[in-house]
Amino acid sequence: MITKRNIIKKFHKAALEENLGKRANPGIGWYHLYTFDAGCSEPELYIACEEEEIVLLLINIGAFRGEKLSADALMSVRQIFHFFAENQKDMIVRFTYDTEGKGMEREPERGEMLLEHIRQLGVIIKEYYSQIMAVQGILAGSWGEMHGSKFVSEKWLIRLAEEMLEATEYSCQLAVRKPEQLRGIAKALGKKAEEKLTLFNDGIFGSETDLGTYEEASPKEREMELSWQYEKLKDRYVGGEALVTQNMAGQTYMDGRRAAEDFKRMHISYLNSVYQRELLDYWKKEEIMWQQKRISSYEYLGAHLGYRFLVRDVKWKKNRLLIQIENTGFANLCEDAICSLQICTENGRKEREVKADPKKWESQKESALEIRLEKEEQKKGTRYFLQLYRKKDGRQIRFANKDAENGVLLGKF
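Residues numbered from 1 in each chain as written. Predicted model: local features only at pLDDT ≥ 70, side-chain atom pairs only at ≥ 80, totals over all residues. Heavy atoms only, no water.

K.L.:
So what about the sheet that holds strand S14 (residues 309-317)? Which residues, and what values?
P.N.:
What the 3 strands build is an open sheet, ordered S14-S15-S18; its pairing is antiparallel. Since the sheet does not close on itself, it has two edges, and those belong to S14 and strand S18 (365-372), each with one partner. Strand-to-strand twist across the sheet, computed as the mean angle between neighbouring axes with direction ignored, equals 20 degrees. Looking at chain direction, strand S15 (residues 320-327) and S18 are connected through 7 bridges and run antiparallel. When the sheet's bridge partners are listed, Ile323 is paired in S18 with Leu369. (Pairing = 2+ DSSP bridges. Helix = DSSP H or I, 4+ residues; strand = E, 2+ residues; numbered from the N terminus. Axes fitted to C-alpha atoms, helices over the stretch in contact; angles between N-to-C directions.)

K.L.:
Let's hear about the sheet that holds strand S2 (residues 29-37): which residues, and what values?
P.N.:
What the 8 strands build is a closed barrel, ordered S2-S3-S4-S5-S6-S7-S8-S11; its pairing is parallel. Sheet twist, expressed as the mean angle between neighbouring strand axes with direction ignored, is 30 degrees. Bridging between S2 and strand S3 (residues 54-60) involves 7 bridges; their strand directions are parallel. Following the sheet pairing, Tyr31 is matched in S3 by Ile54.

K.L.:
Tell me about the environment of Gln181, and name the residues and values.
P.N.:
Take Gln181: it is sitting in helix H5 (residues 179-189). Expressed as a C-alpha distance, the spacing of Gln181 and Phe64, which sit 117 residues apart in the sequence, is 26 Å. For Gln181, the contacting residues outside a window of four places in its chain are Met146, Leu157 and Val176. At 3.0 Å, the side chain of Gln181 forms a polar contact with the backbone nitrogen of Lys178. (Contact = heavy atoms within 4.5 Å. Polar contact = N/O pair within 3.5 Å; in protein donor to acceptor, adjacent residues only side chain to side chain.)

K.L.:
Which residues make up the pattern of salt bridges, and what values go with them?
P.N.:
Under the criterion given, the structure shown has 42 salt bridges. Measuring nitrogen to oxygen at the nearest pair gives 3.0 Å for the salt bridge that ties Asp202 to Arg94. With Asp202 in strand S7 (residues 197-204) and Arg94 in strand S4 (residues 90-96), the pair connects residues that are 108 residues apart, well separated along the chain. The class of Asp202 is buried, set by a relative accessible area of 6%. You can call Arg94 buried: its relative accessible area is 5%. The salt bridge partner of Arg352 is Glu377, with a shortest N-O separation of 3.1 Å. Of this pair, Arg352 sits in strand S17 (residues 348-354) while Glu377 sits in the loop between S18 and strand S19 (383-390), placing them 25 residues apart in sequence. A relative accessible area of 23% means that Arg352 is categorised as partly exposed. For Glu377, a relative accessible area of 5% gives the class buried. (Salt bridge = Lys/Arg side-chain N within 4 Å of Asp/Glu carboxyl O. Buried < 20%, exposed > 50% of the residue type's maximum accessible area, 1.4 Å probe, protein only.)

K.L.:
An account of helix H7 (residues 219-232) is needed here, citing residue identities and associated values.
P.N.:
For an α-helix, 3.6 residues make a turn, and residues three or four places apart therefore share a direction. In a regular helix each residue adds 1.5 Å, so 14 residues correspond to 20 Å; H7 covers 20 Å between its end C-alpha atoms and thus fits that length. Taken together, the buried positions of H7 are Glu221, Arg222, Glu225, Leu226, Trp228 and Gln229. On an axial view of H7, the arc spanned by its buried residues comes to 160 degrees, and they lie on one face. Facing away from the buried side of H7 by more than 90 degrees, the exposed set consists of Pro219, Lys220 and Glu231. (Expected span 1.5 Å × (residues − 1). Arc of directions from axis to C-beta.)

K.L.:
Describe the nonpolar core, naming the residues involved and giving the relevant values.
P.N.:
With 92 residues, the main nonpolar core has Leu57, Phe81, Met91, Phe95, Phe263 and Trp283 as its most contacted residues. Looking at this core, the element that brings in the most residues is helix H4 (residues 154-167), giving 8 residues. If near-sequence neighbours (up to four positions away) are discounted, Met91 is found in contact with Val55, Leu57, Phe81, Phe84, Ala85, Tyr128, Gln131, Ile132, Met133 and Ala134. One finds Phe11, Leu321, Leu369 and Ile371 within the second-largest nonpolar core, a separate group that totals 29 residues. (Core = buried A, V, L, I, M, F, W, Y, C linked by side-chain atoms within 4.5 Å.)

K.L.:
An account of the packing of helix H3 (residues 111-127) against H4 is needed here, citing residue identities and associated values.
P.N.:
Look at H3 against H4: their axes get within 8 Å of each other, and the N-to-C directions meet at 25 degrees. Regarding the angle of H3 to H4, the classification is roughly parallel. Here the hand of the crossing between H3 and H4 comes out right-handed. Taking contact as the criterion, the partners of Gly111, Glu112, Leu114, Leu115, Ile118, Arg119, Gly122, Val123, Ile125 and Lys126 in H3 are, on H4, Trp156, Arg159, Leu160, Glu163, Met164 and Ala167. Looking at the contact of H3 with H4, its residues break down into 9 nonpolar, 2 polar and 5 charged. (Parallel < 35°, antiparallel > 145°, perpendicular 65-115°, else oblique. Left-handed = near helix turned anticlockwise from the far one by under 90°. Nonpolar A, V, L, I, M, F, W, Y, C, P; charged D, E, K, R; others polar.)

K.L.:
Please provide a residue-by-residue account of the packing of helix H8 (residues 256-266) against helix H10 (residues 297-304), values included.
P.N.:
Remark: H8 packs on H10, axes separated minimally by 10 Å, with the N-to-C direction vectors making an angle of 15 degrees. Taken as axis vectors, H8 and H10 run roughly parallel relative to one another. With respect to the hand of their crossing, H8 and H10 are arranged in right-handed fashion. Of the residues in H10, those touching H8 at Gly256, Arg257, Ala259, Ala260 and Phe263 are Ser297, Tyr300 and Leu301. Among the residues forming the contact of H8 with H10, the class breakdown is 5 nonpolar, 2 polar and 1 charged.

K.L.:
I'd like a rundown of the pairing of strand S11 (residues 268-272), residues and numbers included.
P.N.:
Within S11, 5 of the 5 residues are buried, which leaves it mostly tucked inside the rest of the structure. Sheet analysis places S2 next to S11, joined by 3 bridges and oriented parallel. Opposite Gly29, over in S11, you have Tyr270 as the bridge partner.

K.L.:
So what about the packing of aromatic side chains? Which residues, and what values?
P.N.:
Under the definition given, this model contains 21 aromatic pairs. Look at Tyr34 and Phe84: their rings are 5.1 Å apart centre to centre, the planes differ by 65 degrees, and that puts the pair in the edge-to-face class. Residue Tyr34 is found in strand S2, and its partner Phe84 is found in helix H1 (residues 71-86); the two are separated by 50 residues along the sequence. Of the two residues examined, Tyr34 and Phe84, each falls in the buried class. Centre to centre, the rings of Trp316 and Phe413 are 4.9 Å apart; their planes meet at 90 degrees, and the pair counts as edge-to-face. Here Phe413 lies in the segment after strand S21 (408-412) and Trp316 lies in strand S14, a separation of 97 residues in the sequence. Given a relative accessible area of 24%, Trp316 falls into the partly exposed group. With relative accessibility at 9%, the residue Phe413 sits in the buried group. (Phe/Tyr/Trp six-rings, centres within 6.5 Å; stacked < 30°, edge-to-face > 60°.)

As structure tokens, then:
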């Protein structure tokens, strides 16, 4: 005789296959560069690519090299920020006095003017900090890239970085151009500043030094710096532009597989989708194997920019779901996220938050997640879905499993 006491519940794990392709997730991926002039009271606002989650805003304040930013200029910056925030684009922001490679000529004569401009802009950055991934640079140099400037000495780097961090009340990450610059600023300003510092590299693969990113032109130096980045920048937004390699032998193209290995160590979350066209076109033509499927290197690299969470396995043991999650992306999640379990029965859907910190699901590693189920949550036919949301705005963070647009089906009884 079968009784309730001797009925054994059987848990059926879902298929848990990987969806080969890019997931539309916040804070990661390819980006377009949008250039604006703060001297223009009515900036032309547009979206070049709806699919991209990120925009890089290069805002020229060169018209004010000798004076404070006007009320109209500050309003223009607000309009730009508001437009992209309304369109749910995460912003990387860079202010510059030059967009033609003439930094030394276009920047202010005195550093006090940079400090004043930073204080003015900091007010607006604070207003939109939740939509800003990182502020790139400290206003100095050609294209704002912290080279070709009289304000990139160690003294000025520290002073300008300190002003930017204080003006924004440490609300955003501050990206500088070189690891050496980051280390020098961190040493001078301490741990609080160090935790907000990251890198932007607009010379990736361009030369043995990534166009001056590393101090010495040697494989050993680059190896040491990549190892340093891998250890120190796990929780930061790192990105930039990839270039064709120029060396004594001419020019060469970094193949997709080798690029992926470097991107893992750099923790790359975002890359320019337009520049440099020659390398991007090469990646689009080059084919590699991924899970027994032949795709372009461009597709593979794009799919792995930033975090990429994949539920690998689920087991049922003693009233608990034991879940293995692998982050196959190049980087970690850099913002707080909420993990929830959706419990679906014939009578409806119940959702409850799961105690977890997805920021600790490290790149290229597997992490364990354990969810205890109450007896009333273990009924026959019940299905379980795992979901993630970005805490600050509730946007969904999609897993890389198949059919996971609204959460990953873990299994059912």
